[in-house]
Amino acid sequence: MNARGPTRFASGSAYWGAVAWLALVVGVGVLGPWLPLPYPPATPDLAHIAIPPGWGNSAAAHYFGTDPAGRDVLAELVFGARELLTLSLPATALATLLGASAGGAAGFWGNRGLALPLAIGPLALAAGWWLLALPYWLISSIILLIISFLIFIYQWKFARLGPRRFAGVTLPLPLDSLVLGVATLLSAVPRLVLVVALAAGPPLSTSQLLAVLVLVAWPDTARLVRAQMLRVRVQPFVEAAWASGLPEWRIWWRHALPHACQPLWASAPLSLAGLIGLESTLAFLGIGLLPTTASWGHLLGTLRQEPTAWWLVVGPGSALLFTLLALQEVARQLSGLHSSKEYFNKTASDVTAAHLRTKIK
Amino acid sequence: MAQVNSRAVDVINLMHYSLLQTDFATGTMAPTLAAALPSVQFVGDSLTHLDYHLRDATWDNGRPVLATDVAFTLKLMHCPELPNEGERTHFSFIRELLLDPADPRHFTLVCRGQAPEYRLDSGDFPILPENPLDPTHSLRQFSLATLQDWPRSTAPAPAVAALVQRYQQADPGHHPERLAGCGPYQLAAWEGNHSLTLQRKKKWWGDRLPTAPLVLQARPKQLQFLILPDDAAATLALRRHELDLYPQVSARDFQRLQASATAHRELAFYSGPSYDIVIAGFNTRRPAFQDKLTRQALSCLFDAKSLLAGTQLGQGSRTVGLLPPTSPFYNDSLPLPAYAPARAVALLRQAGWQQIGGTWKRAAQQLAFSVRYRADETTFETVALQFRAAAAAVGIPVALRPTEASTLTEALRQGDFDVCVRKLKGNPFAFNFLPILHSQSVGEGNFTGFGTPASDRLLEAIAAVGQPGRKRLLLKQFQMMLQKEAPLAPLFVLPYRLAADRHLVQVYPSGLRPGYSAATLTWAATPSPDH
């Protein structure tokens, strides 16, 4: 490992401040249900609606005030942090995973590198016909399935008997065009507009909202990893892996992908910040989330009902601001660390050499 | 005819006149298209004849408004496949309209029953012109009773079906200009989700009247209704003078405005009791809500007293049923519904529910359900949150489903809900609960699906009873039945609050919708005093 990176990495007080804040958010979010909060979330205190923070001796004081529905702001803040852990963080992880896989595969195999058995063609056509409920969907899907089955049997049988015309024909999968096309299509619409369009209507469950956030977030990661993969796949260590006869899946998974994903260390915190901002915007607009779901954005949105309630801005606004700034600081530091060319090259060649040695043995 | 939402009535009443309309100065019904209140004649012991004479009113094309237009409107109301379920049930007591061959402006309504409210209630629907909608007079071959009694399972007669198709194709709900009324205003502009502009007609029959009563006055040359997304936007618009009048102000905004010295200088504030009641309705078609003990138990989980204090800041009042405490027919011998979780648990056990592993179960049923309410109503959300928290405390999981207004109405009509929180509109003129609680209104206005032979008989008797003493007795029985059967839990009666520019006079604030008299609004040189 590069010695300069971690030193610079560790030296910044801003960085440690950011890490400490994120640790606090994570800690509060994880321990939320067990913290000794005076009031549970999403429970109105009808005797104290929209009251400012109170620090009286009462055991049931609203330390951070209440919102216009009488919900305790402190409880909403704590469980809002939990919402980040259960929604934004998994959404970022899944979007990164999906984007990295799709972008990495697209960059590695391109449009002609991956071929599928010919039987997959009619099978996919049958699935599409059936899903889109095109005319005569049932009979058409059955015919296509039969064709798919016949092709499979034919190819399987003649592959055993020896090479024949048509027996070895495969279907090249234009993976690069597919991934780029879908990513471009999703990116053509502003992210907020797309999410609002998808989340409008009845409130979504957490898993549904998670799926929506992943859907809009993966294209950025995919494009980044694809671009990196185009550089990585022509690196000597990858070519050496090809030359050594390693299976292509192994080369992709063990050698190329880890290096193509290096920029994600810096981009993932920014993706997380983006998704937190997006989720908060949705909650602020009252879209997507149930009123029982605690969210900093939702808490901010209640200000519209009580414009003079400053405590509805200070708590969730500060929490949101500090979290976004902390994530940016972490991303900045990680970016500095991983943009070191020496680090990249050294690590890459070290790792590849180790794998190659293992293979040659 | 049917309104997509209740606020559409505010505009419709300015474009289409009824026989009788609310006089906001006196809080009673006054003759509008009718020359006078109808004379009443009881026939036998089960029929009422209401004798109407129409004013010398005309449509925009100069044709007179005649009794045949009234007959056509009533028949159109009962045509199948038109979305008039509520009106159909409400006016089902009018069985026939007898025309006077000698006087085309004179007719008699034959009503089933002998309720004194029929006199005022019978004229409260907008009259539509027959000729533009039915130029061949195809509906005249059917009597009103024939259309009312037409079996639901039978296809409508070809002439009726053709008329319905023409009406639906005209789409007057979205193109009001295709259905001119005899009111003083016409739609000049409609910007979706933003504003509606009504223009005073230059030539209107009411201008010929030497002294127009209040209900026939139309002073503003133009009225613009702004559609504002939430209370905060409306309050801001009012303070920026983009709005001159703001009805149904939320309790907090009203209090905040009143506390502001600047707003107090510029605005006049009006408030008082209304006839709108916030209720929680149970879908009695759901197996879990079919028995009254479960419904009673869940009713005990609404903290109406705290909800009234919290959401309405103490204004408004609690009630035992669907009548406000100010009504002479209010049953004050009944106790107000109390927040009693312990009693809820006892009633659930009595209903056969058992708490097993933290959940309530009865045979194969589990007591877990959702609450639907209008997404843009803070009061309803607070009610739902309070109920959810109270239910969770006794081990009942409740999910909240805030829903957009028109989607919610459709869902309620189709019975796609477990519990709903909504507002029921009332008035002091009529006590007709058939549209909302009679078994024949299930799938139409009776969203709860409630209805037993005994409750149906009681509701029919209330709608038709003539003697005030007997009516009082029946209404008290009705309130008692409502508490016992608990198809819905009445929570509280809402107050009305209205803020208007101080220079705006002849506002006539009222607890009746829309809460003010739009057609009489006038600008005064000097600001109005405090109210």
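Being a predicted model, the structure only gives us computed values, none of them experimental.

Counting its secondary structure elements, chain B contains 18 helices and 21 strands. Computed over C-alpha atoms, the radius of gyration of chain B comes to 24 Å, within 12% of the 24 Å expected from 2.2 N^0.38 for 531 residues, which places it in the range of a compact globule. Across the 531 residues of chain B, 54% fall into the buried class. A fraction of 68% describes how many contacts in chain B between residues 6 or more apart in sequence connect residues 24 or more apart. Accessible area for chain B stands at about 22,600 Å²; split by element, carbon and sulfur atoms hold 54% of it. Separation between the mean location of the 52 positive side-chain charges and that of the 46 negative ones in chain B comes to 5 Å.

Another point: the confidence of the model for chain B. When pLDDT is averaged across chain B, the result is 90; 98% of the residues are at 70 or more. In the model output, the complex is listed with pTM 0.81 alongside ipTM 0.77.

Our focus in this paragraph is the interface of chain A and chain B. Contacts between the two partners involve 17 residues from chain A and, on the opposite side, 20 residues from chain B. Counting the surface lost from both chain A and chain B, the interface buries some 1,500 Å², and carbon and sulfur atoms represent 64% of this. Considering only the side of chain A, the residues that lose the most area to chain B are Leu-46, Ile-49 and Pro-291 of chain A, jointly responsible for 33% of the buried surface there. Run the count over chain A and chain B and you get 2 salt bridges. A salt bridge links Arg-71 of chain A to Glu-381 of chain B, with the shortest nitrogen-to-oxygen separation between them at 3.5 Å.

Another aspect to go through is the packing of helix α8 (residues 206-232) of chain A against helix α10 (residues 248-260) of chain A. Residue and element names in this part refer to chain A. For the pair α8 and α10, the least separation of the axes is 8 Å and the interaxial angle reads 120°. One element, α8, and the other, α10, form an angle in the oblique class. The chirality of how α8 crosses α10 is right-handed. Residues Val-225, Gln-228, Met-229 and Val-232 of α8 touch α10, and the partners they reach there are Trp-252, Ala-256, Leu-257, His-259 and Ala-260. When grouped by side-chain class, the residues that make up the contact of α8 with α10 number 7 nonpolar, 2 polar and no charged.

Let's shift gears to the pairing of strand β14 (residues 359-362) of chain B. Residue and element names in this part refer to chain B. In terms of strand pairing, strand β13 (residues 354-356) meets β14 through 3 bridges, oriented antiparallel. Of the residues in β14, the one forming a bridge with Gln-354 is Lys-361. Taking the residues that link successive antiparallel strands as the turn, the β13-β14 hairpin has 2 residues, and the phi of Gly-357 there is positive, at about 60°. Relative to strand β15 (residues 365-366), β14 runs antiparallel, the two being bridged by 2 bridges. Across the sheet, residue Arg-362 finds its bridge partner in β15, namely Gln-365. From the end of β14 to the start of β15, which pair antiparallel, there are 2 residues, and Ala-363 there has a positive phi angle of about 55°.

Residue and element names in this part refer to chain A. When the UniProt feature table is mapped onto this chain numbering, "transmembrane region" (unreviewed entry) sits at residues 12-35, 84-106, 113-130, 136-154, 166-186, 192-218, 264-289 and 309-327. Within residues 12-35, the helical portion is 79% and the strand portion 0%, while the C-alpha atoms at the span's ends are 31 Å from each other. Secondary structure across residues 309-327 divides into 89% helix and 0% strand, with the first and last C-alpha atoms of the span separated by 28 Å.

Here we take up the confidence of the model for chain A. Taken over all residues, the pLDDT of chain A has a mean of 84, while the share at 70 or more is 85%. Counting contacts from residues 1-6 of chain A, a segment whose pLDDT is below 50, to residues more than four positions away or on other chains yields 6 contacts.

Below, the discussion takes up the environment of Asp-69 of chain B. Looking at the element boundaries, Asp-69 of chain B is found in helix α2 (residues 67-77). In contact with Asp-69 of chain B, other than residues within four places in its own chain, are Trp-59, Pro-64, Ile-127, Leu-128, Pro-129 and Glu-130 of chain B.

Centre distance and the angle of the planes are the two values used to describe a pair of aromatic rings. Considering all chains together, one arrives at 24 aromatic pairs over all chains under this definition. Ring centres of Phe-142 of chain B and Trp-150 of chain B lie 6.4 Å apart, and the angle between their planes is 80°; on these two criteria the pair is classed as edge-to-face. Here the aromatic rings of Phe-369 of chain B and Phe-387 of chain B are separated by 6.0 Å at their centres, their planes lie at 40°, and the arrangement is tilted. One end of the pair, Phe-369 of chain B, is in strand β16 (residues 369-374); the other, Phe-387 of chain B, is in helix α14 (residues 378-393), and 18 residues separate them in sequence. Taken individually, Phe-369 of chain B and Phe-387 of chain B each receive the classification buried, so the pair is uniform in this respect. Above the plane of the ring of Phe-284 of chain A lies Arg-304 of chain A, whose end atom (NZ or CZ) is 5.1 Å from the centre.

Our next topic: unusual backbone geometry. Across residues other than glycine, the phi torsion is negative in most instances, and most of the peptide bonds are trans. Residue and element names in this part refer to chain B. Pro-514 follows Arg-513 through a cis peptide bond whose omega is 0°. For Pro-514, the location among the structural elements is in the loop between β20 (504-505) and β21 (522-523). Unusually for a residue other than glycine, His-137 sits at a positive phi of about 55°. Examined against the element boundaries, His-137 turns out to sit in the loop between α5 (130-133) and α6 (144-148). Within the chain, Ala-363 stands out as a residue other than glycine whose phi angle is a positive 55°. Secondary-structure assignment places Ala-363 in the loop between β14 and β15.

All right, on to the pattern of salt bridges then. Oppositely charged side chains are able to pair whenever their charged atoms sit close together. Applying the stated criterion across every chain yields a total of 22 salt bridges over all chains. Between Arg-256 of chain B and Glu-306 of chain A there is a salt bridge; the shortest N-O distance is 2.8 Å. Here Glu-306 of chain A lies in the loop between α12 (296-301) and α13 (311-338) and Arg-256 of chain B lies in helix α9 (residues 251-259), a pairing that spans two chains. With a closest N to O distance of 3.4 Å, Arg-295 of chain B and Glu-485 of chain B form a salt bridge. On the criterion of sequence distance, the pair formed by Arg-295 of chain B in helix α11 (residues 292-299) and Glu-485 of chain B in helix α18 (residues 468-485) is long-range, its members being 190 residues apart. Since its relative accessible area comes to 3%, Arg-295 of chain B is described here as buried. Linked through salt bridges whose partners overlap, the residues forming this network are Asp-67 and Arg-71 of chain A together with Glu-381 of chain B.

Asp-10, Val-11, Ile-12, Leu-14 and Met-15 of chain B are the residues of helix α1 (residues 8-15) of chain B that are buried. Summarising the contacts, the buried residues of α1 of chain B are in contact with β7 (185-191), β8 (195-200) and β9 (222-226) of chain B.

Let us look at the environment of Gln-228 of chain A. Residue and element names in this part refer to chain A. In this structure, Gln-228 sits in helix α8. Owing to a relative accessible area of 12%, Gln-228 belongs among the buried residues under this scheme. Separated by 120 residues in the primary sequence, Gln-228 and Phe-108 have C-alpha atoms spaced 9.8 Å apart.

The next thing to look at is the pairing of strand β1 (residues 20-23) of chain B. Residue and element names in this part refer to chain B. For β1 and strand β2 (residues 28-31), the ladder comprises 4 bridges, and the chain directions are antiparallel. Residue Leu-20 lies in a different strand from β2, and its bridge partner there is Pro-31. Remark: 4 residues form the turn of the hairpin made by β1 and β2, two consecutive strands paired antiparallel; Gly-27 in that turn has positive phi of roughly 75°.

Leu-19 and Leu-33 of chain B are the most contacted members of the largest nonpolar core, which has 59 residues in total. With 47 residues, the next largest nonpolar core counts Ala-42 and Ala-69 of chain A together with Ala-351 and Leu-494 of chain B among its residues.

Time to look at the sheet that holds β9 of chain B. Residue and element names in this part refer to chain B. The strand order across the open sheet formed by 3 strands is β7-β8-β9, and the pairing between neighbours is antiparallel. Of all strands in the sheet, those with a lone pairing partner are β7 and β9, marking the two edges. Averaged over all pairs of adjacent strands, the angle between their axes in this sheet comes to 20°, without regard to strand direction. Where β8 meets β9, 5 bridges bridge the pair, whose relative direction is antiparallel. Bridging from a neighbouring strand, Ser-195 pairs with Leu-226 of β9.

Next up on the list: the packing of helix α3 (residues 73-109) of chain A against helix α11 (residues 264-285) of chain A. Residues and elements named next belong to chain A. Relative orientation of the contacting elements α3 and α11 amounts to 135°, with a least axis distance of 9 Å. Between α3 and α11, the angle falls in the class oblique. For the pair α3 and α11, the sense of crossing is right-handed. Within the contact between the two elements, α3 uses Glu-83, Leu-84, Leu-87, Ser-88, Leu-89, Ala-91, Thr-92, Thr-96 and Ala-100 and α11 uses Leu-264, Ala-268, Ser-271, Leu-272, Leu-275, Ile-276 and Glu-279.

Moving on, we get to α2 of chain B. Residue and element names in this part refer to chain B. Counted residue by residue, α2 has 11 buried out of 11 residues, so it is predominantly covered. Looking at α2, one finds that the buried residues are Ala-67, Thr-68, Asp-69, Val-70, Ala-71, Phe-72, Thr-73, Leu-74, Lys-75, Leu-76 and Met-77. Lining the buried residues of α2 we find α3 (85-90), β5 (94-100), β6 (103-112), α5, α6 and α7 (158-170).

The rules we used
- Residues numbered from 1 in each chain as written.
- Chains lettered and ligands numbered in written order.
- Predicted model: local features only at pLDDT ≥ 70, side-chain atom pairs only at ≥ 80, totals over all residues.
- Heavy atoms only, no water.
- Helix = DSSP H or I, 4+ residues; strand = E, 2+ residues; numbered from the N terminus.
- Rg over C-alpha atoms; globule rule 2.2 N^0.38 Å.
- Buried < 20%, exposed > 50% of the residue type's maximum accessible area, 1.4 Å probe, protein only.
- Contact = heavy atoms within 4.5 Å.
- Areas by Shrake-Rupley, 256 points an atom, 1.4 Å probe, with all protein chains shown as cover.
- Lys, Arg positive; Asp, Glu negative; His and termini not counted.
- Charge placed at Lys NZ, Arg CZ, Asp CG, Glu CD.
- pLDDT = per-residue confidence, 0-100.
- Buried area = accessible area lost by both parts, 1.4 Å probe.
- Salt bridge = Lys/Arg side-chain N within 4 Å of Asp/Glu carboxyl O.
- Axes fitted to C-alpha atoms, helices over the stretch in contact; angles between N-to-C directions.
- Parallel < 35°, antiparallel > 145°, perpendicular 65-115°, else oblique.
- Left-handed = near helix turned anticlockwise from the far one by under 90°.
- Nonpolar A, V, L, I, M, F, W, Y, C, P; charged D, E, K, R; others polar.
- Pairing = 2+ DSSP bridges.
- UniProt positions renumbered as here; feature names shortened; annotations may be inferred.
- Phe/Tyr/Trp six-rings, centres within 6.5 Å; stacked < 30°, edge-to-face > 60°.
- Lys NZ or Arg CZ within 6 Å of the ring centre and 35° of its normal.
- Core = buried A, V, L, I, M, F, W, Y, C linked by side-chain atoms within 4.5 Å.

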